[in-house]
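Architecture at a glance
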Amino acid sequence: MSVRRVVPDLRSTALEENRDFYGLLGLEEVMNQGWVMTLASPANPTAQLTFLTADRTAPVTPDLSVEVDDVDAVHAALQAAGATIVRPLADEEWGVRRFFVRDPDGRIVNVLGHTVSRP
């Protein structure tokens with residue numbers, strides 16, 4: 001199992017304003033679904049920030065996202081270790097398979113893998 005990227009998930013009611021502000025720092029919008037928006041560095045696409053009003057497909061809003069190469073294996077390992085799964089493993093319509101787990105400090109981690117190829 002390997003980690004592809006780690007992204008802070010920042011709660012916000014000002015998605016457009018944050019896009020404009022962080023655009024001045026060189027980040028560009030790479031995904032926007034109205035309630036969740038991701039900005040990335042064109043020079044280093046794994047350098048990202050995600051802003052969300054709330055997670056509209058889950059009972060809680062995550063604090064950070066970790067993309068892995070094998071989300072099913074990570075899910076199985078965390079379950080075997082007794083970790084608290086907050087949202088079950090599921091495929092999302094935007095091309096990711098993900099679940100939420102609670103870390104030892106109570107943060108909600110969105111663990112995901114892409115189900116479709118990315119450029």
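What you are looking at is a predicted structure, and each value in this text was computed from that prediction instead of being measured.

Comments concerning the overall build of the chain
The helix and strand inventory of the chain stands at two helices and eight strands. When the helices and strands of the chain are listed from N to C terminus, the series reads β-α-β-β-β-β-α-β-β-β. A compact globule built from 119 residues would reach a C-alpha radius of gyration of about 14 Å, and the chain, at 14 Å, matches this within 12%. The principal-axis extent of the C-alpha atoms belonging to the chain is close to 45 × 30 × 25 Å. Per-residue burial over the chain gives 39% buried out of 119 residues. Residue pairs at least 24 apart in sequence account for 47% of intrachain contacts in the chain once pairs closer than 6 positions are excluded. When the accessible surface of the chain is split by element, carbon and sulfur atoms take 52% of a total near 6,700 Å². Counting 11 positive and 17 negative side-chain charges, the chain places the centres of these two groups 3 Å from one another.

Some words on the pattern of salt bridges
The full count for this structure, using the stated rule, is 10 salt bridges. In this structure, R19 engages E29 in a salt bridge whose closest nitrogen and oxygen atoms are separated by 3.2 Å. Highlighted residues: R19 in helix α1 (residues 15-23) and E29 in strand β2 (residues 28-32), separated in sequence by 10 residues. In this structure R19 comes out as partly exposed when scored by relative accessible area, which is 28%. When salt bridges with common partners are traced through the structure, they connect D55, R87, E92 and R98 into a single cluster.

Some thoughts on the UniProt feature "domain: VOC" (unreviewed entry) in the chain
UniProt tags residues 1-114 as "domain: VOC" (unreviewed entry). As annotated, residues 1-114 has a helix share of 17% and a strand share of 45%, and its two end C-alpha atoms lie 14 Å apart.

Examining the pairing of strand β3 (residues 36-40)
β3 sits mainly inside the fold: five of its five residues count as buried. Of the two faces of β3, both are covered, the one formed by V36, T38 and A40 as well as the one formed by M37 and L39. Relative to β3, β2 runs antiparallel, the two sharing four bridges. Its bridge partner lying in β3, M31 is registered against T38. Hairpin connection, β2 to β3: the antiparallel pair is bridged by three residues, and G34 has positive phi, about 90°. Pairing of β3 with strand β4 (residues 48-52), which is carried by five bridges, proceeds in the antiparallel orientation. When the bridges of β4 are listed, T38 appears paired with T50.

Conventions used here
- Residues numbered from 1 in each chain as written.
- Predicted model: local features only at pLDDT ≥ 70, side-chain atom pairs only at ≥ 80, totals over all residues.
- Heavy atoms only, no water.
- Helix = DSSP H or I, 4+ residues; strand = E, 2+ residues; numbered from the N terminus.
- Rg over C-alpha atoms; globule rule 2.2 N^0.38 Å.
- Buried < 20%, exposed > 50% of the residue type's maximum accessible area, 1.4 Å probe, protein only.
- Contact = heavy atoms within 4.5 Å.
- Areas by Shrake-Rupley, 256 points an atom, 1.4 Å probe, with all protein chains shown as cover.
- Lys, Arg positive; Asp, Glu negative; His and termini not counted.
- Charge placed at Lys NZ, Arg CZ, Asp CG, Glu CD.
- Salt bridge = Lys/Arg side-chain N within 4 Å of Asp/Glu carboxyl O.
- UniProt positions renumbered as here; feature names shortened; annotations may be inferred.
- Pairing = 2+ DSSP bridges.

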